[in-house]
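Structural features, examined
This is what each chain is made of:
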Amino acid sequence: MQSIKLTPSQQAAVENEGGALLVAAAAGSGKTKVLVDRLMRSILDPVHPKNVDDFLIITYTKAAAAELRAKISAELSRQVALQPDNRHLQRQMRRIYQTKISTIHAFCADLLRSYGHIIDVPSDFRVTEETQTLLLRQAVKERLFEQLYETYEDDPELQGLLDQFGYGRDDRNLETILFSVYDKVQSFSDPQRWLAECRQKLELDRNVDAGQTPWGRCLLQELH
């Protein structure tokens with residue numbers, strides 16, 4: 001099978017050895033081909049040949065990981081056919097099954113199973129399904145609200161919160177806001193710091209014009 005010829009820019013990406021490299025292109029434009037050829041170039045280096053399992057290869061989906069492993073295997077087979085006496089290439093055909101080609105979630109799960117004891121994470125953990133996650137989140141929310149209502153009479157801040165966002169005895173609106181903030185927080189590497197920064201922006205001195213704050217300008221813009 002004849003190999004697909006690379007464009008000059010693709011060839012430059014394959015041969016680049018300057019360190020970190022970002023290849024950005026549209027779907028179907030040959031990014032995977034560039035990745036496989038770049039990998040093969042390291043494996044076939046005449047001076048310092050690498051092993052295929054020296055590399056960590058991360059993809060977004062399980063299907064993409066399986067496809068990428070198949071394409072690397074196919075290219076290795078093609079190279080072995082061209083160089084049948086190359087013992088290094090023959091070893092790569094076995095090593096491909098040891099190569100870490102996975103999604104970022106699977107890679108992180110493997111790390112936790114291997115080294116989780118350092119941070120007291122049990123090695124037999126499992127990743128929950130989406131439905132189970134929603135049920136667990138709802139259960140935690142109900143427990144949290146029960147604890148809050150136990151201190152309602154002595155907590156003026158909680159009373160103000162429920163007066164502002166609740167409707168009588170219905171706190172579903174507050175629940176929606178809670179989950180919305182929670183989902184937003186999960187996108188930050190340091191959620192606690194982000195929440196603290198948000199709170200700091202809301203704590204104003206009496207002499208500060210609320211209209212000049214970031215949230216004040218946003219409210220005024222919506223009003224206009």
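Report on the accompanying structure. These numbers come from a predicted model, not from an experiment. (Residues numbered from 1 in each chain as written. Predicted model: local features only at pLDDT ≥ 70, side-chain atom pairs only at ≥ 80, totals over all residues. Heavy atoms only, no water.)

1. With respect to the overall build of the protein
Just so we agree on the cut-off: Secondary structure elements follow DSSP: runs of H or I of four or more residues count as helices, runs of E of two or more count as strands, with numbering from the N terminus. We take the radius of gyration over the C-alpha atoms and set the globule estimate at 2.2 Å times the residue count to the 0.38 power. Partly exposed residues are those whose accessible area sits between 20% and 50% of the maximum for their type, while under 20% is buried and over 50% is exposed, using a 1.4 Å probe and protein chains only. The contact rule is simple, with two residues in contact once any of their heavy atoms fall within 4.5 Å. The Shrake-Rupley method, run with a 1.4 Å probe, gives the accessible areas here. Residue values count only the displayed protein chains as cover. In summary, the charge assignment counts Lys and Arg as positive and Asp and Glu as negative, without counting His or the chain termini. Think of each charge as sitting on NZ of Lys, CZ of Arg, CG of Asp or CD of Glu.
Within the protein one finds ten helices and two strands. In sequence order, the protein lays out its α and β elements as α-α-β-α-α-β-α-α-α-α-α-α. Computed over C-alpha atoms, the radius of gyration of the protein comes to 27 Å, more than 25% over the 17 Å expected from 2.2 N^0.38 for 224 residues, which places it beyond the range of a compact globule. If you line up the protein on its principal axes, its C-alpha atoms span 80 × 45 × 30 Å. Expressed as a percentage of the 224 residues in the protein, the buried residues total 21%. Contacts spanning at least 24 positions in sequence make up 51% of the contacts within the protein whose residues lie at least 6 apart. Within the structure as shown, the protein displays about 17,300 Å² of accessible surface, and the carbon and sulfur contribution to it stands at 55%. Taken together, the 28 basic and 32 acidic charged side chains of the protein have centroids lying 12 Å from each other.

2. Looking at a nonpolar patch on the surface
For the record, the criterion: Only residues above 30% relative accessible area that lack a salt bridge enter a patch, with like-charged residues linked at up to 9 Å and the nonpolar side chains Val, Leu, Ile, Met, Phe, Trp and Tyr linked at up to 5 Å. Note on definitions: salt bridges are taken to be side-chain nitrogens of Lys or Arg within 4 Å of carboxyl oxygens of Asp or Glu.
Together, Leu 111, Leu 112, Tyr 115, Ile 118 and Ile 119 give the surface a local cluster of nonpolar side chains, amounting to about 500 Å² of exposed area. The residue Tyr 115 is located in helix 5 (residues 104-115) in this model.

3. Notes on the pairing of strand 1 (residues 56-59)
Our working definition: Whether two strands pair comes down to DSSP finding at least two bridges between them.
Covered by surrounding structure in strand 1 are Ile 57 and Thr 59 only, the residues Leu 56 and Ile 58 on the alternate face being uncovered. Summarising the sheet, strand 1 and strand 2 (residues 100-103) pair through four bridges and their orientation is parallel. Bridge pairing in strand 2 places Leu 56 opposite Lys 100.

4. Observations concerning the pattern of salt bridges
Proximity of charged atoms lets side chains of opposite charge pair with each other. Per the stated rule, a full pass over the model turns up ten salt bridges. Across the pair Arg 95 and Asp 53 runs a salt bridge whose closest N-O atoms are separated by 3.0 Å. Placement of the pair is Arg 95 in helix 4 (residues 87-95) and Asp 53 in the loop between helix 2 (31-43) and strand 1, with a sequence separation of 42 residues. On the accessibility criterion, Arg 95 (26% relative accessible area) is partly exposed. The class of Asp 53 is partly exposed, set by a relative accessible area of 22%.

5. Considering unusual backbone geometry
Trans is the common state for peptide bonds, and a negative phi is the common state for residues other than glycine. A positive phi angle is found at Asp 120, which is not glycine, with a value near 60°. Locating Asp 120 in the fold gives a position in the loop between helix 5 and helix 6 (130-150).

6. Quick notes on the packing of helix 3 (residues 62-82) against helix 4
The criterion, for reference: Note on method: axes are straight lines fitted to C-alpha atoms, helices fitted across the in-contact stretch only, with angles between N-to-C directions ranging 0 to 180 degrees. Comment on the angle field: the value is read as roughly parallel under 35 degrees, roughly antiparallel over 145, roughly perpendicular from 65 to 115, and oblique elsewhere. Helix crossings are classified by the rotation of the near helix relative to the far one: an anticlockwise turn of less than a right angle makes the crossing left-handed, while a clockwise turn makes it right-handed. Gly is placed with the polar residues, together with every amino acid not listed as nonpolar (Ala, Val, Leu, Ile, Met, Phe, Trp, Tyr, Cys and Pro) or charged (Asp, Glu, Lys and Arg).
The geometry of helix 3 relative to helix 4 is characterised by a closest axis approach of 9 Å and an angle of 155° between their N-to-C directions. When the axis of helix 3 is compared with that of helix 4, the two are roughly antiparallel. In terms of crossing hand, the pair formed by helix 3 and helix 4 is left-handed. Contacts between helix 3 and helix 4 involve Ser 73, Leu 76, Ser 77, Gln 79 and Val 80 from the former and Leu 89, Gln 90, Gln 92 and Met 93 from the latter. By residue class, the composition of the contact of helix 3 with helix 4 is four nonpolar, five polar and no charged.

7. Some details on the layout of surface pockets
Counted only if it meets this: Grid spacing is 1 Å over the protein atoms alone, the probe is 1.4 Å, and a cavity is where that probe fits but cannot get out, while a pocket is an open set with protein on both sides within 12 Å along at least five of seven lines and lining residues have an atom within 4 Å of a point. Grid points are joined across faces, edges and corners, and a volume is the space filled by probe spheres set on the points.
Reported here for the largest pocket is a volume of approximately 930 Å³. Every residue lining the largest pocket is counted, 28 residues in all, and those nearest its centre are Lys 31, Leu 35, Ile 57, Ile 58 and Leu 68. If you tally residues by element for the lining of the largest pocket, the top one is helix 2, at eight residues. Partitioned by chemical class, the residues of the lining of the largest pocket number 15 nonpolar, five polar and eight charged. Its volume calculated, the second largest pocket comes out at about 760 Å³. For the second largest pocket, the lining is made up of 21 residues, of which Ile 177, Leu 178, Phe 179, Val 181 and Tyr 182 are closest to its centre. Only helix 6, helix 7 (156-165) and helix 8 (172-185) provide two or more residues apiece to the lining of the second largest pocket. In terms of residue class, the lining of the second largest pocket is built from 16 nonpolar, two polar and three charged.

8. What about helix 8?
As a reminder, the rule being used: The length a helix should cover is 1.5 Å for every residue beyond the first. Think of it as the arc spanned by the lines of direction from the helix axis to the C-beta atoms.
The end-to-end C-alpha distance of helix 8, which contains 14 residues, comes to 20 Å, matching closely the 20 Å that a straight helix rising 1.5 Å per residue would cover. Among the residues of helix 8, those classed as buried are Leu 174, Glu 175, Phe 179 and Val 185. Buried residues in helix 8, looked at end-on, bunch into an arc of 130°, giving them a common side. Turned more than 90 degrees away from the buried face of helix 8 sit Arg 172 and Thr 176, all of them exposed. Those residues of helix 8 that are buried are in contact with helix 6, helix 7 and helix 9 (191-202).

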